[in-house]
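Each chain, letter by letter, is given below.
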Amino acid sequence: MSASSGAGVKPGPIAALPLVGRRSDVASLRLALDDVMDGGGRVASMRGVSGVGKSRLVDVLVSEARARGMVTAVGRGYAVEAGRPFGMWSDALTPLLAALGSGPSAVLARGAEWELSSIVPAFGTRAPAHAASGGDADGRGRLFWNFARFLDRLSQREPLVLVFDDAHYADTSSLELLHFVGRQLEAERLLLAYTYVPDDRMAERVQEVDRSLAGRPRTVRRELSPLTRQDVSDMLHGVFGPDVPAAFVDSLHERTGGLPFFIDETLKALIEAGTLGVGPAGWKGFVTPMDGEIPQSVRAMVRARLAGYASDVLQVADVVALAGPRATLDVIESVTGLAVSALADALDALCARQILCAPTIGGGPYVFAQHIVRMTVAEGISEARGRALHRALATSIERYAGPDAAADVALHLANGGLAATPASIPHLIRAGRDALARRADPEAAAWLRDALAVADRQPEPVLDPLEVIRLLEDAALATQRAGNAPEARRLLLRARDAADAAGNHEARAEVRRRTANAFVIEGRVDRALEEFAEAERAARLAARPDLVVRVRVATAMALQSIGRSADGARLLEEVVDDVEREGNPLLRARVHRALVLIYGWTGPIAKVEHHSARALEASRVAGDEEVAWSVHWALATLAGLHGDGEGIALHRREAERLANLLHSPPLQAATAEVAIEHASISGEWQEALETARTTIPLARAVAPHTLLPRILVWTGLVHLGRDQLHEATRLLDEAWGLSGADRAGEALPANVHNLVLAHTGRAALHLHRGEWREALAMGERGLELADRYGYVAWAIHRLLPQSAEAALWLQDFTRAEAVGRRLRAESRSLDHRLGVAWADAIDALIARLRDHRRDASERLLAAADDLEAIPFPFHAARLRRNAAQVLELDGRLEDAVRQLRHAHDTFVRLGAEFELRGTRSQLRSLGVRLPPRQVMEGAGALTGRELEIARCVSRRRSNKDIARELDISSRTVSTHLSNIFGKLGVDSRGALADLIREHPTLAGLGTTATPAESSRRADSPVR
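Residues numbered from 1 in each chain as written. Predicted model: local features only at pLDDT ≥ 70, side-chain atom pairs only at ≥ 80, totals over all residues. Heavy atoms only, no water.

**Quick notes on the overall build of the protein chain**
For the protein chain, the helix and strand inventory stands at 48 helices and 9 strands. Taken over 1023 residues, the protein chain has a buried fraction of 55%. A fraction of 69% describes how many contacts in the protein chain between residues 6 or more apart in sequence connect residues 24 or more apart. (Helix = DSSP H or I, 4+ residues; strand = E, 2+ residues; numbered from the N terminus. Buried < 20%, exposed > 50% of the residue type's maximum accessible area, 1.4 Å probe, protein only. Contact = heavy atoms within 4.5 Å.)

Spelled out as structure tokens, the structure:
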């Protein structure tokens, strides 16, 4: 407002001061918006003291985003709702989902609405009861990943800006989800922004998130400082014109510390007091001495502004300040008891003076325009009045918000002084169990332990003994999920003692089973076995044969984990006939599944086939897709270890279908691991790397200590084969650390499979570097672990062949021969085709290197043929190189060249640079013209994914349709098409379609994908 324009006008409140002194901050946010519009996700954090202008910067960000046509959603943290699970996210996304509508929301959720409603109840459905069960170990990771993918799909419709103001007041689960989504951002068109006050007593958790995200290249961090004297001058001149005296600018800057909110409130106070006003010539009053006229703090200033309001208005402000996100019209009316007209006048007055903001959607809450105003109002409420209001709010919120508001009701009861009374216990329990079902584990643990503490303080028991046991079990589950295993075990031991005291055998069995599982998680299997034995005895006394079987299954898995697979199998074999007679398909499925997991690693193979068939049949009858998935996954894994390509394809396809049906990212990642491992050994190295590229981030998010190490090893081995030593070393070292291999021997490893495979990766690394003794030592350490835990299949798959290779390089033929004998014997017992081929290769190499047998080349080539047929092309080609050396010494140069050319083609196709250099050197020494050093042209050059896309083009699918069908991005489709055009020598989609239809190999021998195959491909999230 200029000086002249103010003449004769009665001054009112200043709506908004110009945004000055924030040019670099605004520029950074604009660049972040540019990146998001271009398809790159960004995180922006803004931190600074109260009143420094964070909220004003948020307003600018949201306005700019909307001007660009982006979708925006704003959530806020409230101190009063710090225990409400995912409150900040629900606050932001509820209006957005309401505007989107249930149909589009369901499409974007891809069938996971019931799960996503755990975070934002506006999805309309709640998770089923089994979501809170202890067996759902991957639930939180699955929930977070599916939610992140929902945001990704939402942002692909229209660029999305999510802003969280005052994040230092957010609940723990909201911040954990913020951290998770922030770490996943890559190609999403999403800006995730948040503000916080670093010196607030509740800021520690958000600062941890901020420090973690700060190291990522997609994060923008802004530290907001107070305005300079020049900034204040520019601001005042922008509002009042050029005639503001310098003395006034100096005084205002000094007294307000350059905080925009303080400046704003000071000017409003001066105008309302009549000190600063409009005269005939414009604004006047700048020369009035300011000493004593500006309150000493922002809070004092706010209180001075509110002092002139009527009691009805102040009463409403008090209720809104304490109600936080539950300050709906119904709640305010109920608590204040004001007549409708009086309430409307009070709300209108507060909104007109920009103290409150009216709801943006029907039924939404009233909120304070400035957090510091709300805090000032709340602090001004007397203790007695505050308690009364909190109690009234608890009653009103329970009445109007229903079961979803359990946490809010409990919080208000606590603030109302009723936290330690029996009346609070039902609300605390309800809040805790609601949080447990929603996978808000930190909040669930806090609520349930509070309920226990209140019950413990009562002079007389207030809960039924069985309810106490259930409460202890739920608290233990939440505490365990939240990462405090010792405290969870303490709660379970207390529940165990309570069950013993109650004399309830069924409860005793359940509690002891859970206690045993807690000991297993801690690696204390000896104590776990004691608890399992007591649990089984109690289950028998309770006449619960089904519970006996469940205990037996858990016991068998614990025994396998310490290398007592035979004992575990015996326990299950003792009950398998009873289970079959009982006819419970769920129990049958779980028993047979457990036996598959045991016999799969130890043999005999006939028992694996028998129990897998029974497990799949029972899981089909029971409708238990997760058991069916685990059987198919185990069979696909074992088929990979045996070199059974047909078995891998069959069981992996079914595992993929079930993992997608279950909407389970951990299961999808585990299935993709099979694909990566198979592609790594079968020679589809590019396919392996493409799958790993999308699977590693997923595994890092949902299974960093279980699944990720194995995927890193398989991927590292591919890079090693391509002589990409730096990348291979990085991946294999990470797998080594995650598996706990550097701590092997200290305690029972958490995952023996990862530990064995970590040694496999390290042994391969030493072999590649020519460190033969280190490779042999590493292989033998891995073998010792595999032998200790009975994992014969791992020993056959890589460790024994690696040990034999190292021994051969060292010319320790006695050791190599012993390894070969063991490999052959154990492979035959498991009908392990790959192991027998390895044993033949070892024998052939010994025949050449030690015995100088004349038939060495034929034996080497026979072993190469066997490995190639499995297929294991990389190692087969290495044997052909070796055979070529023998053929050359025998004077059979033509045969030597033929084998080297064969090996050369394989190494070119794989990109095995190290072996390729050696092969070309051999050919050069024979005086042969070197073949082209490039990937072959034509159909054989395409990867499996490229072939799928090419066939889709032949069926006249657009890039968008192909992306939807194969569940990849349109950008990825375009990249693949560029590669396909180059490989096949075409320059248009039409030419490609003609070539596909005319070429039998590309067209799939005249066939197209069946609807079922197309569905499977479309469902795959990681191919």
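**Some remarks on the state of the cysteines**
Counted under the stated rule, the structure contains 0 disulfides. Looking at C351, it has no disulfide partner, and the nearest cysteine sulfur is the one in C357, 7.2 Å off. Overall, the relative accessible area of 23% leaves C351 in the partly exposed class. (Disulfide = S-S within 2.5 Å.)

**Regarding the pattern of salt bridges**
Considering all chains together, one arrives at 79 salt bridges under this definition. For the salt bridge of R142 with E115, the shortest nitrogen-to-oxygen distance reads 2.7 Å. Taken together, the residues span a long stretch of sequence, with R142 in helix α6 (residues 139-157) and E115 in helix α5 (residues 113-116) at a distance of 27 residues. Taking the relative accessible area as the measure of exposure, E115 reaches 5% and is therefore buried. Of the charged contacts, one joins E573 and K607 as a salt bridge, the two residues approaching to 3.9 Å between their closest N and O atoms. (Salt bridge = Lys/Arg side-chain N within 4 Å of Asp/Glu carboxyl O.)

**Some thoughts on the sheet that holds strand β5 (residues 219-223)**
Spatially, the 5 strands line up as an open sheet ordered β2-β3-β4-β1-β5, and their pairing is parallel. Pairing within the sheet leaves two strands with one partner each, and these edge strands are β2 (71-76) and β5. Strand-to-strand, the axes of this sheet are offset by a mean angle of 15°, without reference to chain direction. Of the strand pairs in this sheet, strand β3 (residues 160-165) and strand β4 (residues 190-196) are connected by 5 bridges, and their pairing is parallel. When the bridges of β4 are listed, F164 appears paired with Y194. (Pairing = 2+ DSSP bridges. Axes fitted to C-alpha atoms, helices over the stretch in contact; angles between N-to-C directions.)

**Overview of the environment of R730**
Its place among the elements puts R730 in helix α34 (residues 725-739). Using a relative accessible area of 40% as the deciding quantity, one classes R730 as partly exposed. Remark: the alpha-carbon pair of R730 and L712, spanning 18 residues in sequence, is separated by 9.2 Å.

**So, the nonpolar core**
For soluble globular proteins, nonpolar side chains are generally found buried alongside one another. Judged by nonpolar contacts, the single largest core of 198 residues is most densely connected at W89, F147, L151 and L162. When residues of this core are assigned to their parent elements, the largest contribution, 10 residues, is made by helix α29 (residues 625-642). Not counting chain neighbours up to four residues away, the residues in contact with W89 comprise I119, V120, F147, L151, L162, F164, S174, L177, L178, V181 and L192. With 35 residues, the next largest nonpolar core counts V316, A317, I332 and I355 among its residues. (Core = buried A, V, L, I, M, F, W, Y, C linked by side-chain atoms within 4.5 Å.)

**Points about the environment of L329**
Secondary-structure assignment places L329 in helix α14 (residues 329-336). We classify L329 as partly exposed; its relative accessible area is 41%. Taking the C-alpha atoms as reference points, L329 and Y366, 37 residues apart in sequence, are found 7.7 Å from one another. Setting aside chain neighbours within four positions, we find L329 in contact with L343, L347 and Y366.

**Concerning unusual backbone geometry**
The omega torsion across I870 and P871 is 5°, close enough to zero to call that bond cis. Residue placement: P871 occurs in the loop between α40 (856-869) and α41 (873-889). We note that F86 has phi near 55°; this positive angle belongs to a residue other than glycine. Inspection of the secondary structure puts F86 in the loop between β2 and α3 (87-100). For F86, a relative accessible area of 0% puts it in the buried group. For Q811, which is not glycine, the phi torsion reads 60° and is therefore positive. Along the chain, Q811 falls in the loop between α37 (792-809) and α38 (813-829).

**Structural notes on the packing of helix α25 (residues 545-561) against helix α27 (residues 585-602)**
At a minimum axis distance of 10 Å, the contact between α25 and α27 shows a crossing angle of 15°. Considering their axes alone, α25 and α27 lie roughly parallel with respect to each other. Note that α25 runs across α27; the crossing there is left-handed. Along the contact surface, α25 presents D546, V549, R550, V553, A556, M557 and Q560, while α27 presents L587, R590, V591, A594, L597, I598 and W601. In the contact of α25 with α27, the residues fall into 10 nonpolar, 1 polar and 3 charged. (Parallel < 35°, antiparallel > 145°, perpendicular 65-115°, else oblique. Left-handed = near helix turned anticlockwise from the far one by under 90°. Nonpolar A, V, L, I, M, F, W, Y, C, P; charged D, E, K, R; others polar.)

**Focus: the packing of aromatic side chains**
In the structure shown here, the tally under the stated rule is 14 aromatic pairs. Taking 6.5 Å as the distance between ring centres and 20° as the angle between the ring planes, the aromatic pair formed by Y194 and Y196 counts as stacked. You'll find Y194 and Y196 in the same group, each marked buried. The ring of W145 carries R149 above its face, with NZ or CZ at 4.5 Å from the centroid. For the cation-ring pair, R762 lies above W736, with the distance from its terminal atom to the ring centre recorded as 4.4 Å. (Phe/Tyr/Trp six-rings, centres within 6.5 Å; stacked < 30°, edge-to-face > 60°. Lys NZ or Arg CZ within 6 Å of the ring centre and 35° of its normal.)

**Quick word on helix α24 (residues 525-541)**
For α24, built from 17 residues, the straight-helix expectation of 24 Å at 1.5 Å per residue is met to within 8% by its first-to-last C-alpha distance of 24 Å. Three or more residues of α24 are buried, namely V525, A528, L529, E531, F532, A535, E536, A538 and A539. In this fold, the buried residues of α24 make contact with α22 (485-502), α23 (505-521) and α25. Of the residues trailing α24, A543 is marked for its positive phi of about 55°. (Expected span 1.5 Å × (residues − 1).)

**So, helix α1 (residues 23-37)**
Between the first and last C-alpha of α1 there are 21 Å, a value that for 15 residues agrees with the 21 Å anticipated at 1.5 Å per step. If you follow the buried residues of α1, they end up packed against β1 (42-47), α2 (54-67), β3, β4 and β5. Following α1 by one or two positions, G39 has its phi on the positive side, about 100°.

**Here we look at the confidence of the model for the protein chain**
Looking at the protein chain, pLDDT values average 83 and 89% of them are 70 or higher. Under a pLDDT of 50 for its full length, residues 127-135 has, in the predicted model, 18 contacts with residues more than four places off or in other chains. Across residues 935-939, where pLDDT falls below 50, the model places 11 contacts with residues more than four positions away in sequence or in other chains. (pLDDT = per-residue confidence, 0-100.)

**Re the packing of α41 against helix α42 (residues 893-910)**
Where α41 meets α42, the closest approach of the two axes is 8 Å, and the angle between their N-to-C directions is 155°. Taken together, the axes of α41 and α42 are roughly antiparallel relative to one another. As α41 packs across α42, the resulting crossing turns out to be left-handed. Note on element contacts: α42 touches α41 through L893, D895, A896, Q899, L900, H902, A903, T906, F907, R909 and L910, opposite P873, F874, A877, R878, R880, R881, A884, L887 and E888. Looking at the contact of α41 with α42, its residues break down into 11 nonpolar, 3 polar and 6 charged.

**Some remarks on the environment of R590**
As for its placement among the helices and strands, R590 is situated in helix α27. Residue R590 is classed as partly exposed on the basis of its relative accessible area of 33%. A C-alpha to C-alpha distance of 9.2 Å links R590 and V549, two positions 41 residues apart in sequence. Setting aside its immediate chain neighbours within four residues, R590 contacts V553, D624 and V627.

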